[in-house]
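# Inside the fold
Chain residues, written in single-letter form:
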Protein chains: 2
Amino acid sequence: MSVSLSITATEGAARAGFLRTRKGDIRTPAFMPVGTAATVKAMYTDQVRSTGADILLGNTYHLMLRPGAERVAGLGGLHKFMNWPHPILTDSGGFQVMSLAQLRQMSEEGVAFQSHIDGSKHMLTPERSMEIQNLLGSDIVMVLDECTPHPASLDEARTSMELSMRWAERSKKHHETLADHGALFGIVQGSVYQDLRLKSVAALEAIGFDGYAVGGLAVGEGQEVMFRVLDETVPAMTEVAPRYLMGVGKPDDLVGAVARGIDMFDCVLPTRSGRTGQAFTRYGAINIRNARHADDPRPLDEACDCPASRDYSRAYLHHLVKANEILGSMLMTWHNLHYYQTLMSDMRDAIAEGRFADFQAQFAEDQARGDIAVR
Amino acid sequence: MSVSLSITATEGAARAGFLRTRKGDIRTPAFMPVGTAATVKAMYTDQVRSTGADILLGNTYHLMLRPGAERVAGLGGLHKFMNWPHPILTDSGGFQVMSLAQLRQMSEEGVAFQSHIDGSKHMLTPERSMEIQNLLGSDIVMVLDECTPHPASLDEARTSMELSMRWAERSKKHHETLADHGALFGIVQGSVYQDLRLKSVAALEAIGFDGYAVGGLAVGEGQEVMFRVLDETVPAMTEVAPRYLMGVGKPDDLVGAVARGIDMFDCVLPTRSGRTGQAFTRYGAINIRNARHADDPRPLDEACDCPASRDYSRAYLHHLVKANEILGSMLMTWHNLHYYQTLMSDMRDAIAEGRFADFQAQFAEDQARGDIAVR
């Protein structure tokens, strides 16, 4: 089963529309909350939906180790398991194997590793990654790739990218043999080198995928370099398929990447930050743990109509987070996801109405203003 | 502001009705979820309400230390602070000072202690406890007492009970001087000694309170002794005021105590157990961490219509709890509170319909059956 992208409006390189999947439509540009271990941490799925999320991301690495892909399949698949009947994209597991697993051993075949949970031994190959994502019931499957570390020399980046392209081909070949398979996205690598990025785009398009991701960014290179890589890479990517910038990012990263033609994003930032007390607001991020919020009766963000903002004061959220109360993580995460989805919705509207340039300017001005403490 | 109890049905010593408070009616027998630090842990207040809770309990000890009673008052009181517009009962702080605080020093005046959070020094007296509960906006205030430890000799228990009675009198005297004060409940002490319990009942009724609690139970004496103390104490308590058994308990404790004429309960068990993986069901408690649940597609409790049971499998809850996911605590707590409130509702209905004896027998039979693993 493939996906199909309908672009309904453009402004410069920015574009808005929707991606049709077997589980429903995804409004683009889209932000995918991360549901690592079959849960968007501290959130009920109906809340995630109510913030405006059309699709979640699931992590193959975590799910293959616990509870196990075969187990999830036996229980009816990931959608049923976690009570999310809408689209799910799964990553390939490659990124987390390199960042979380122990005793990794890379080869042409794949990567052998030990679980960070119980030390059990596993082998992740392009074929196995396709099988796992298929067992989970993923609607959008990602090829197995190597996320090139940063910094990488030109030679290192080339070697890594070329391995990823061979794995992309093996991924596609195996994916097509699987029953009821979802759509399959390729992943552009090549580090910060334009030549490699363009070769990677060409290699993937020669294989042919339902969508194309830009990987290997947001790994420490900084926003300026990331935007340069997008400026050099995105124009070479086909217009008719969705473009997904993996693991990005901060609100201003999203706005800048949408301006450069990206359609899809995922990031742990709104959920992870929520659990540590950082809230995203119209006037920039605030740390609710700061003592200046202890007596502040105002909501987190006066421009936000989510319950975490509407029904609770900063003083209460400050108290909950300082006291390590679970409800603090719940409310802060809810607010942050609401903020992110509202940002995406605002961008879609601005593109549709031909005022995305104005939106960008106002967004930058608001964020630069910063939060003003209560007098 | 007082409260008034209307008994609408009785069966033996068991009684059902409602308690009118300034913030609304409480159906009795009632279970009060514990909202220690201005939050019922891992629950949204609208969920707590939807399980059938008419009233919450707040802990004076925790709230006086963090965020502080004056701060809560400045932010509009505890109801507004935590977004719970319904009745709140606060304890006196005495029990937790003895179990949590450091460097305690008891005297006739009160108890001096250091905060377990930051080591700061505090003094809790009957007068200060009344002030704090008033600052919080409590609808039902508890007198400061000493929860007599178990076991206690007859002499120790008498000395402790008599101190609590002098504090009860000081509590009432000071409470009545405070503006907009809630109702005030006395607390019967006397350990396991009938003579002391009856003297305590008489002493409190001579002072005169809006309701009467039985304290100093569920502290290790066991259910048999607890029920004997209730059998010896409750008949001496006035019928026209509510009777509250503090800190109790397991489901079968609640059923046995309702049969002995108790109207109100509070306990951390459903919330605390929820966070550690214990679920209460029609057929007894189960530990969802047990490996036998790992592939079980059944709900937690087929007799329960709460979302945690209805929308999720035991396998999923097992996975969440094993992975220490916040959603595991959220769903398990929700289920347990739903179970507890449904139990109270079932008891109220059974008393109203004159079939409480049958209900007790069926409840005991179901609980004794135990959970049967999936085949």
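Conventions and cut-offs
- Residues numbered from 1 in each chain as written.
- Chains lettered and ligands numbered in written order.
- Predicted model: local features only at pLDDT ≥ 70, side-chain atom pairs only at ≥ 80, totals over all residues.
- Least-squares fit on C-alpha atoms with pLDDT ≥ 70 in both.
- Contact = placed C-beta atoms within 7 Å.
- Helix = DSSP H or I, 4+ residues; strand = E, 2+ residues; numbered from the N terminus.
- Nonpolar A, V, L, I, M, F, W, Y, C, P; charged D, E, K, R; others polar.
- Core = buried A, V, L, I, M, F, W, Y, C linked by C-beta atoms within 7 Å.
- Buried ≥ 20, exposed ≤ 12 C-beta atoms within 10 Å, placed from the backbone.
- Domains from an automatic or database assignment.

So, on to the relation of the copies chain A and chain B. For the pair chain A and chain B, the superposition axis carries a translation of 0.0 Å, the fit reaches an RMSD of 0.0 Å, and the rotation angle comes to 180°. What the rotation and shift describe, once combined, is the action of a two-fold rotation axis. Nearest to the rotation axis, the C-alpha of Ile326 of chain A is located 3.7 Å from it, this being the minimum over chain A.

A separate point is the interface of chain A and chain B. Contacts between chain A and chain B engage 28 residues on the former and 28 residues on the latter. Counting only elements with at least two residues in the side of chain A that touches chain B, the list comes to α3 (69-74), α4 (78-82), α13 (314-322) and α14 (326-352) of chain A. In terms of residue class, the side of chain A that touches chain B is made up of 16 nonpolar, six polar and six charged.

With that settled, the discussion passes to the nonpolar core. The nonpolar side chains of a soluble globular protein tend to be buried, and buried together. Core analysis: the largest hydrophobic core is formed by 237 residues, its most contacted members being Phe185 of chain A together with Phe185 of chain B. For this core, the element with the highest residue contribution is helix α14 (residues 326-352) of chain B, accounting for 14 residues.

As a further point, take the environment of His116 of chain B. Residues and elements named next belong to chain B. Of note, His116 is situated in the loop between β8 (111-114) and β9 (121-124). Residue class for His116 comes out partly exposed when judged on the 15 C-beta atoms lying within 10 Å of it. Sequence-wise, His116 and Met332 are 216 residues apart; in three dimensions their C-alpha atoms are separated by 28 Å.

Residues and elements named next belong to chain A. Partitioning chain A into structural domains gives domain 1 (4-267) and domain 2 (274-361). Here the C-alpha centre of domain 2 lies 27 Å away from the C-alpha centre of domain 1. Listed per partner, the contact involves 24 residues of domain 1 and 23 residues of domain 2. Broken down by element, the residue count for the side of domain 1 that touches domain 2 peaks at five residues, all from helix α10 (residues 251-259).

We now examine helix α6 (residues 126-136) of chain A. Residues and elements named next belong to chain A. Within α6, eight of the 11 residues are buried, leaving the element largely enclosed by the surrounding structure. Regarding α6, the residues found buried are Pro126, Ser129, Met130, Ile132, Gln133, Asn134, Leu135 and Leu136. Positive phi appears at Gly137, one or two residues downstream of α6, with a value of about 90°.

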